Amino acid sequence: MKFETVIGIEVHCELKTKSKMFSSAPVSFGKKPNTQVHAIDLAMPGTLPSVNQKAVEMAIRVCHALHMDIQDLLSFDRKNYFYADLPKGYQITQHYHPIGSHGYIEIDVNQENMRIDIERLHLEEDTAKLTHLSDESLIDYNRAGIPLIEIVSKPQIKNSLQACAYLEALRYLFIYTDVSDAVMAQGSMRCDINISLKPETSQQYGVKVEIKNLNSLSNVQKAIDYEIQRQTALLLDGKPILQQTRRFDEKTQTTVAMRNKETTADYRYYPEPNILPIKLDSKWIQQIKDKLPLLPKQRKDIYINQYQLSYNDARILIDHKELSDFYNQTVQICPHYQLVCHWLIGDVLSYLNKSHQSIHAILHVEDFAKLMHFVADKTLSTKQAKQVLELMMTKHKDPVSVIEEYHFQQINDDHILMKVIDEILDYQPDLIKEYSQGKTKIVGFLVGQVMQKTNGQANPQKTNQLLMKELEKRKQ
Amino acid sequence: MKDIEFLKQLAYDARLSISDEDMPSLIDAYKDFMDQIQILEDIETEGVEPLVFPFESQNYYLRLDDVEDIMEVDDVLKNAKEVQEQQVKVPKVVNS
C-alpha cells in the first residue's frame, strides 16, 4: 500500500523588540541569569501585563507579508498549564482571535514555485529557560516574556524538501521584515512539525505525531525522513501509531517519544481578564503596511524578470539582505544590472566574508556606483577596477581619489600609447623581424611590455590594435 | 464514577494531588457547584453575544517599547527556596 505524508508546521519566532511582550524588562541575550527581569515576568502579586506596541507592529508586518487578514481588535487568552518555566501558571497567548489569519507564502522547491496556506499568526510570550541537571533544574527568567509570534501552516506540506523550503522562506521573511534575526541554532526561530501518514486513496488524516527540538534545517529534514520511514513500517505491520510528542535525537539521528500528547482541552483556554481588548487604529495599520520593504519573493521576480539576472545570482543576492539592499540602491544610479550584481556577489561578498564586516561599514552606494560606471565605460580595466575596489574597501576611500592617488586611470590616448609602443619597438628590431616571419604570438608579449611600462594603465585592447597597426607598418 | 474520573483528570492537569479519602467530600462540593451552574445553564442565551469584559468603552492603549524597571537580581531570587548559579533551583521535571 502507498502512503501519503501530511505535514503541518508551527513556527515560533522571537521578536527583536527592546522590551518584553507584557513588561518593560529588556529583551537581550547572553546576559547573566535573572538580570533582565521585571516583576510582571515573575507574576508578582498585583502586577498587570501591558501590551508592547512594537511587538504588535512587528506582528502586523509579518501578517501583511503573508497576505493575511488582520484582526483589528487585539485580544489575548490564557493557556493554562503547570510547569516550572511558567511563573504565572499560564501563558498569555491569542487562542480565540489571532492577529492574523488566512494567509499564504510562496516557496521555492527546486526552482518551482509552490504556495503554502497559513492558517494563523498569533502573538504570545516566551517561557523561562530551564537548565536540567541530574536531579534538579535551574530557572533563568531572562527569557520569560520575550515576544513571540507563532505561525501555523495548513497541513499542505508533503515531504522534507518542501518543509525545509517553507522554513527557509519564513526565515527570510522574518529577516526582510526586520522582526527577528531568526537563527534556528540560537532558538530565535523554532519549529514543531506535525506529521501523519494516510493511505493515498483515503480522505481521512492519520494519527498525528508532533516532533520538537529541531534546531536546524538539516535536522528538520532528517527528522521528517526518519519519521516517514518509522510510521510507514508501523502501518505496513498493522501496528497502531500513537498520538505522541517526539523529539529529534542528535546522537542516534532518530526521533524518540517524549510523552503522549495532551488534547487541546487540557490547556483550559479562556480570555485573559487582565488585558482589555485593544482596538487598533486602521490608519496605523495602513502605515505599517505601506512601510514594508520589498520582500524576497518580490525581489527575486524583479531580479530575474526585469534585470535579467540568473536564478543563482538572484538567490545569492537575496540570501544576503544587506547585499540585496545595497544592490537595489546601486542600480538606481547605475543601471548596469548584471555588472553590478557580479561585482557585488564576487569581489565584494568575498571581502565581506573574509573581513566579517557589514557592507555599509566599508562601501558607500554612490562610490560603488561610480566605480561600476568606470568599469562599464572602460575607464578602468577589470584588473584595475579590482585593485581600486580593494583599496576603496580597505582604505575607505572613493574611487576617484584612489585612481588619482595610485595612478590607476586607464590610458586610452593614442598619442601616449604610441609613444610607449615606439619606444619599445625602436629598441627591439629583432622582434619586428620575427613578426615579419609570421610569429604573430609576439604581439601578446609586446602588449605585456606596454602594460608593464605603463604600470598596467594602458587599455589592453587599444594597445593591441595600435601595436598590430604599427607592426604591419614596420614589417620588413 | 464519571465524576471521579473527571475530577482526577482536572487535578492532574492542575498538578494537584488529591487523596482517595478527600474524594467523597470533593465530589459533594463538585455536585453542589454543578447544581448552581445548572441554574445558569437553564437561562435562554440564544443570540446573546458572550460578555467577557463588563465595560462599554474601547481600549486603545499600547505601551511604547521602552526599557525600564528592571529588578535587582537579589530581589528576583528573594523568594526562592534554593539558589544555584544565580538561578532558582527546583526539583527536576522533564516535561516539554
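What you see is a predicted model; the values in this text were computed from it and never measured. (Residues numbered from 1 in each chain as written. Chains lettered and ligands numbered in written order. Predicted model: local features only at pLDDT ≥ 70, side-chain atom pairs only at ≥ 80, totals over all residues.)

Please clarify how unusual backbone geometry should be interpreted in this entry.
Apart from glycine, the bulk of residues carry a negative phi angle, and the bulk of peptide bonds sit in the trans form. All names here are of chain A. Non-glycine residue Ala-43 carries a positive phi angle of around 60 degrees. Structurally, Ala-43 is set in the loop between β1 (3–14) and α1 (53–65). C-beta crowding within 10 Å serves as the criterion here: with 16 such atoms nearby, Ala-43 is assigned to the partly exposed category. Residue Arg-268 is not a glycine yet carries a positive backbone phi of 40 degrees. The topology assignment puts Arg-268 in the loop between β14 (254–260) and β15 (270–271). Classification of Arg-268 as partly exposed rests on a count of 14 C-beta atoms within 10 Å. (Helix = DSSP H or I, 4+ residues; strand = E, 2+ residues; numbered from the N terminus. Buried ≥ 20, exposed ≤ 12 C-beta atoms within 10 Å, placed from the backbone.)

Please clarify how the sheet that holds strand β1 (residues 83–84) of chain B should be interpreted in this entry.
Remark on secondary structure: sheet strands pair via backbone hydrogen bonds, oriented parallel or antiparallel. Spatial strand order, β8(A)-β9(A)-β2(B)-β1(B): four strands in an open sheet with antiparallel pairing. The strands lining the two open edges of the sheet, one partner per strand, are β8 (129–132) of chain A together with β1 of chain B. (Pairing = 2+ DSSP bridges.)

Where do I start with the sheet that holds strand β12 (residues 209–214) of chain A in this structure?
Residue and element names in this part refer to chain A. Across the sheet, which stays open at both edges, the nine strands sit in the order β2-β6-β7-β10-β1-β11-β12-β13-β14 with mixed pairing between neighbours. Each of the sheet's edge strands pairs with one partner strand only, and the pair in question is β2 (69–70) and β14. Relative to strand β7 (residues 112–125), strand β6 (residues 100–109) runs antiparallel, the two sharing nine bridges. Pairing of Glu-106 across the sheet is with Arg-115, part of β7. Running at roughly 115 degrees to β6, helix α2 (residues 160–176) makes contact with β1, β6, β7, β10 (147–153) and β11 (189–199) of the sheet. With respect to the sheet, helix α3 (residues 217–236) is in contact with β1, β11, β12, β13 (244–249) and β14, its orientation differing from that of β11 by roughly 25 degrees. (Contact = placed C-beta atoms within 7 Å. Axes fitted to C-alpha atoms, helices over the stretch in contact; angles between N-to-C directions.)

Explain the interface of chain A and chain B to me, please; I cannot follow it from the model alone.
Much of the literature gives interface size as the accessible area that the parts lose upon coming together. Taken together, the contact pairs 39 residues of chain A with 36 residues of chain B. Among the elements of the structure, α1, β9 (136–140) and β16 (278–279) of chain A are those that each provide at least two residues to the side of chain A that touches chain B. For the side of chain A that touches chain B, the leading source of residues is β9(A), giving five residues. Grouping the amino acids of the side of chain A that touches chain B by side-chain chemistry returns 19 nonpolar, 12 polar and eight charged. By the bridge criterion, four bridges tie β9(A) to strand β2 (residues 87–91) of chain B in an arrangement that is antiparallel. When the sheet's bridge partners are listed, A:Leu138 is paired in β2(B) with B:Lys89. (Nonpolar A, V, L, I, M, F, W, Y, C, P; charged D, E, K, R; others polar.)

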